[in-house]
Each structure stands twice: as structure tokens, then as C-alpha cells.
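Architecture at a glance
Listed below, chain by chain, are the residues.
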Amino acid sequence: MDRARRRKFGQNFLDVETAVAIAGDLPANEGEAVLEIGPGHGALTEHLLNRGVDLTAVEIDEQCVAVLNEKFGERKNFHITNIDFLKFDLQKFLDEHDKPWVTGNLPYNVSTAIIAGLMPRLHLTKGFMGMVQLEVAERICASPCSKNYGSLSVLVSAFADTQILRKIGPEHFTPKPNVDSATMLLTPRADALQAPEGFFDFVRAAFTQKRKTLANSFGSAYDKKKIQEAIELLDYPTTVRAEELSPEQFLEFYRVIVQGE
Ligand code: SAM
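Since we're looking at a predicted model, the values are computed, not measured.

**Some words on the nonpolar core**
One recurring pattern in soluble globular proteins is that nonpolar side chains are buried together. Core analysis: the largest hydrophobic core is formed by 69 residues, its most contacted members being Val 34, Leu 48, Met 119, Ile 140, Leu 155, Val 156 and Val 203. Each of domain 1 (3-188) and domain 2 (199-257) contributes no fewer than three residues to this core. Those residues in contact with Val 156 that sit more than four places away from it in its chain are Ile 115, Met 119, Ile 140, Thr 162 and Leu 186.

**Thoughts on the site of the ligand**
In the vicinity of the ligand there are 23 residues, among which Gly 38, Gly 40, Phe 85, Asn 105 and Pro 107 approach most closely. Taken together, the residues that form the shell around the ligand break down as 14 nonpolar, six polar and three charged.

**Thoughts on the domain arrangement of the protein chain**
Considered domain by domain, the protein chain is made up of domain 1 (3-188) and domain 2 (199-257). Just the C-alpha atoms count here: the centres of domain 1 and domain 2 sit 33 Å apart. Contacts between domain 1 and domain 2 engage nine residues on the former and 11 residues on the latter. A breakdown of the residues in the side of domain 1 that touches domain 2 according to their chemical character gives six nonpolar, three polar and no charged.

**Section: the pairing of strand E5 (residues 101-105)**
Counting buried positions over the five residues of E5 gives five, a clear majority of the element. Burial of the side chains of E5 extends over both faces: Trp 101, Thr 103 and Asn 105 are buried on one face and Val 102 and Gly 104 on the other. Here strand E2 (residues 33-37) pairs with E5 via three bridges, running parallel. The residue bridging Glu 36 from the neighbouring strand is Thr 103, located in E5. Across five bridges, the pairing between E5 and strand E6 (residues 127-133) is parallel. Paired with Trp 101 across the two strands is Gly 127, which belongs to E6. The parallel pair E5 and E6 is bridged by helix H6 (residues 111-118), and the resulting crossover is right-handed.

**Considerations on the sheet that holds E2**
Pairing within the open sheet is mixed, and its seven strands lie in the order E4-E3-E2-E5-E6-E9-E7. Strands with a single pairing partner mark the edges of an open sheet, and in this sheet they are strand E4 (78-82) and strand E7 (160-168). For this sheet, the mean inter-axis angle between neighbouring strands, taken without regard to orientation, is 20°. By the bridge criterion, eight bridges tie E7 to strand E9 (residues 181-188) in an arrangement that is antiparallel. The residue of E9 that forms the bridge with Ala 160 is Pro 188. Packing against the sheet, helix H3 (residues 43-50) makes contact with E2, strand E3 (54-59), E4 and E5, and its axis sits at approximately 165° to E3. Contacts between helix H4 (residues 62-72) and the sheet are confined to E3 and E4, with E4 contributing the most and set at about 165° to the helix.

**Looking at the pairing of E4**
Two faces belong to every sheet, and in a regular strand the side chains alternate between them. Relative to E4, E3 is paired through five bridges, and the arrangement is parallel. Note on E4: the bridge partner recorded for Leu 55 is Phe 78. Tracing the backbone out of E3, into H4 and back to the parallel element E4 gives a crossover that is right-handed.

Rules behind the numbers
Residues numbered from 1 in each chain as written. Predicted model: local features only at pLDDT ≥ 70, side-chain atom pairs only at ≥ 80, totals over all residues. Core = buried A, V, L, I, M, F, W, Y, C linked by C-beta atoms within 7 Å. Buried ≥ 20, exposed ≤ 12 C-beta atoms within 10 Å, placed from the backbone. Domains from an automatic or database assignment. Contact = placed C-beta atoms within 7 Å. Near = placed C-beta within 6 Å. Nonpolar A, V, L, I, M, F, W, Y, C, P; charged D, E, K, R; others polar. Helix = DSSP H or I, 4+ residues; strand = E, 2+ residues; numbered from the N terminus. Pairing = 2+ DSSP bridges. Right-handed = clockwise from strand over helix to strand, strands pointing away. Axes fitted to C-alpha atoms, helices over the stretch in contact; angles between N-to-C directions.

This is the structure:
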């Protein structure tokens, strides 16, 4: 039962030494609000609470919630909600808290959905510092023209400055995951892109056949002639590929194609 539960909820618990190091990387001070996603048995929570931050934890598993209440229920700076983070009313939380930090050793099966959901509201936070699978962190933090650069890199870097902080091997968890992990820092960009609705679907479509030139990489999602005209208008080389465009260039390209600007 426990094993099934751990797999279902992506539960890999951190050892104390690593948890202390990661909690130390979160630049939150006494009295500041922190939102922790997936606290598990409280490996990070404990060190953050000891620092005096005002911590709200969101945990899907009621067994973990019982453990956390047992450990920290008496502390005034600890608050917990037993809910799937993807159903958590993030906007309400952000309305009620002044620029919180967001953190967590994220469950790997939903980490991309959590990060993607957070990005358009990142400017209402001080940022995110937390852990995902190493491969996901590398995709998120990749620069144009590098091998990991893709639609996730564009989505995140439209809103955030990104940085990988630590690589963490499976030996630091119980049970050991099959993959390496990494922590990353995502801070709100002062010049975040004003991305219109539909922009990220466009970016995802551009990477559908990423080995091909941009004129061909969209498949049938957009009119090829329009794409070729836009490439010409913007003076891009005819051989340009999706992986060469920065988020700003993607937005410029989108405006020409979809909005006719
Ligand atoms: N923070 C703990 C640690 O580092 O030891 C646990 C991290 S574990 C990788 C992920 C945690 O997220 C688990 O406690 C799991 O129950 C919780 N979780 C999984 N899916 C979730 C979801 N959709 N919403 C909130 N919590 C979730």
C-alpha cells in the first residue's frame, strides 16, 4: 500500500543534510510568506519554520498532512491545506499574501504543470526556488541554440530569469528515484513578456518538428505560406529553426503571423 501511495504521489523524501542545504538556498527572511508545494514529511518545512517564515504548505496526501500536523501543528507560523496543488486557488493565496516565495521538492509527475501554472503569476511572488527532475530543470533553464532548448524554456524564460542551483543524486532520497534531480531558482523578470492568449500554443506548435526549419516545423498547425512571409518580413535566414529564436523573437513572429502586425 505504502509503495503504491509513494508512486502515485511521486514521494521521494530528502535526507536531512540535503534538506538543510536546500532550505538554506531559499532567501526568505523571518516573517516573510512562503508557499511550500508537497511538503511530504516536512524535510524542508522544518528548517524554514525554524527560520521564522510564515509558511503555508499544500499537500495532496492526507497521511503526510497527519504527520505534518503532528510535528508542526502547534506552531503559529505553520498553515496547511490538504489539496492537489493543481486545484489550489493560487490567485486567492497571492491576493492574501504580499509577494511570497514559492518552494518545494516537486512531485515529478506534475512538476511541469505546476511550473507552467505558476509562471503567469510569478510577478506576484519573489520567485520559485525548488526541485524538479534534472532533465526538466535543464529544459527549463536552457538558452536558445542549446540542445535542451524547447517550448518549456520559452514559456518559463518569458516570465523568469532562470538558474540551476544544485544537482542532487538519487542517493539523497528515500526511496531512491530512478532519475537525477536539481534545484533551480526562477525569479520574476522585470521585463516579462506580455504574452497574448494562444502564444504558448503557437510556441509548442513551432517545436512540433524541431529538427526541421521553422518554415516546416509547424506541421499543418499554421499556414506555411504565412510562415514563410513572416520569416522574410522579419529578415530571418530561410534556414532558421525554432530552437534559434529567443522568447522575444517568438513573440515578434507570433504577432506578424497571428495578429498580422
Ligand atoms: N518535500 C518532501 C521532501 O523533500 O522530502 C517531499 C517531496 S516528494 C518528491 C513530493 C511531495 O508532493 C509528496 O509529499 C507528495 O505527497 C506531494 N504531492 C504529490 N502530488 C501533489 C499534488 N498534486 N499537490 C500537492 N502535493 C503533491
